[in-house]
Amino acid sequence: MERRDSERARASLLAQRESILEKATPMRNGELEIDRDDSPDEMDVALAESNQSLAGRILERESKLLSRIEEALERLDQGDYGDCASCGEEIGVKRLMAQPAARLCIECKDEQERLESRSD
Ligand SMILES: [Zn+2]
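Throughout, residues of each chain are indexed from 1 in the direction in which the sequence is written. Given that this is a predicted model, residues contribute local features only at a pLDDT of at least 70 and side-chain atom pairs are listed and counted only at 80 or more, while totals for whole chains, interfaces and linings are drawn from all residues.

**Observations regarding the overall build of the chain**
Along the backbone of the chain there are four helices and zero strands. Three exposure classes are used. Buried residues have 20 or more other C-beta atoms within 10 Å of their own C-beta, exposed residues have 12 or fewer, and partly exposed residues fall in between, all C-beta atoms being placed from the backbone. Counting across all 120 residues of the chain, residues that qualify as buried make up 9%. Whether two residues are in contact depends on their C-beta atoms, placed from the backbone: they are in contact if these lie within 7 Å. The contacts in the chain between residues at least 6 apart in sequence include a share of 55% that link residues at least 24 apart. The helix count covers DSSP runs of H or I at least four residues long, the strand count covers runs of E at least two residues long, and both are numbered beginning at the N terminus.

**Quick notes on the environment of Ser12**
Position of Ser12 relative to the elements: it lies in helix 1 (residues 3–28). Along the primary structure Ser12 and Met97 are separated by 85 residues, whereas in three dimensions their C-alpha atoms are 8.0 Å apart.

**Overview of the confidence of the model for the chain**
Values of pLDDT, which run from 0 to 100, indicate the predictor's confidence residue by residue. Per-residue pLDDT for the chain has a mean of 86; in total, 89% of the residues score no lower than 70. Here helix 2 (residues 42–78) is the element of the chain with the lowest mean pLDDT, 87, and helix 3 (residues 93–98) is the one with the highest, 93.

**Some remarks on the environment of Pro100**
Along the chain, Pro100 falls in the loop between helix 3 and helix 4 (106–119). Given 24 C-beta atoms within 10 Å, Pro100 falls into the buried group. Beyond its immediate sequence surroundings of up to four residues, Pro100 is in contact with Ala9, Ser12, Leu13, Gln16 and Ala72.

Set out below in structure tokens:
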């Protein structure tokens, strides 16, 4: 991977990390806007609870993505960014520009998704 491509990837990873942290921090602090009446009836409580678990799910997904971003930044520093974690082939600049935290090339990713959808 060319230096200017890896610099672009680094910039976009950092921007992505920034935006996740911006989104996730208020959720972690319980500041996700949950509409609650002053005197909530059962519906509102149920809604608030489901909002809470939605926030939990989003947080879980975001924190997974976050660790992938950290991992990708580490690989950038080590100079092995851009290689597929599964087959070792180059992931390809186009895919990395769209998905800078991608660990797999498109073939391995497709394969993984096939396996995951089967086990669901
Ligand atoms: Zn691969």
